Amino acid sequence: LDVAVGYYQRALAMNPDFVRAREYLGEGYASAGQIDQARLQLAEIEKRCGVTCDEYKDLAKAIAAASN
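Attention here is on the structure that accompanies the text. From a predicted model like this one, the values you see are computed outputs, not experimental measurements.

Bringing the environment of Ala21 into the picture now. Its place among the elements puts Ala21 in helix H2 (residues 19-31). Under the relative-accessibility criterion, Ala21 is labelled buried at 2%. The spacing of Ala21 and Ala11 is 10 residues in sequence and 7.1 Å in space, taken between C-alpha atoms. If near-sequence neighbours (up to four positions away) are discounted, Ala21 is found in contact with Tyr8, Ala11 and Leu12.

This brings us to the state of the cysteines. This structure, assessed with the given rule, holds one disulfide. Here Cys49 connects covalently by a disulfide to Cys53, the sulfurs 2.1 Å from one another. Take Cys49: its relative accessible area is 28%, and that puts it in the partly exposed class.

With that settled, the discussion passes to the environment of Ala43. Among the structural elements, Ala43 can be located in helix H3 (residues 35-49). Exposure remark for Ala43: the relative accessible area of 33% places this residue in the partly exposed category. Taking the C-alpha atoms as reference, Ala43 lies 18 Å from Ala32; in sequence the two are 11 residues apart.

For the coordinates displayed, the defined rule picks out one aromatic pair. Taking 6.1 Å as the distance between ring centres and 50 degrees as the angle between the ring planes, the aromatic pair formed by Tyr8 and Tyr24 counts as tilted. Remark: Tyr24 occurs in helix H2 and Tyr8 occurs in helix H1 (residues 2-14); sequence separation between them is 16 residues.

In this section: the side chain of Arg22. Tracing the sequence through the fold places Arg22 in helix H2. Buried charge without a partner: Arg22 forms no salt bridge, and the closest opposite charge is Glu44, 4.5 Å away. The residues touching Arg22, leaving out its near neighbours within four places in the chain, are Leu12, Pro16, Gln41, Glu44, Ile45, Arg48 and Leu59.

Reading guide: rules and limits
Residues numbered from 1 in each chain as written. Predicted model: local features only at pLDDT ≥ 70, side-chain atom pairs only at ≥ 80, totals over all residues. Heavy atoms only, no water. Helix = DSSP H or I, 4+ residues; strand = E, 2+ residues; numbered from the N terminus. Buried < 20%, exposed > 50% of the residue type's maximum accessible area, 1.4 Å probe, protein only. Contact = heavy atoms within 4.5 Å. Disulfide = S-S within 2.5 Å. Phe/Tyr/Trp six-rings, centres within 6.5 Å; stacked < 30°, edge-to-face > 60°. Lys, Arg positive; Asp, Glu negative; His and termini not counted. Salt bridge = Lys/Arg side-chain N within 4 Å of Asp/Glu carboxyl O.

Structure, rendered in structure tokens:
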């Protein structure tokens, strides 16, 4: 997970609007139990494409599943 997070962070440093990377990063955080970090990525996705884009919906589902 640490390696993947590093790659996603580098991708976001190059392009902060890369919502797919934000989704995957958030899913990684959710699966690791870092729900607050996952929600931060969800909020960033919402700023960039709203709540109707697939990346937002997918990460919201992953957070809900990890929170149960």
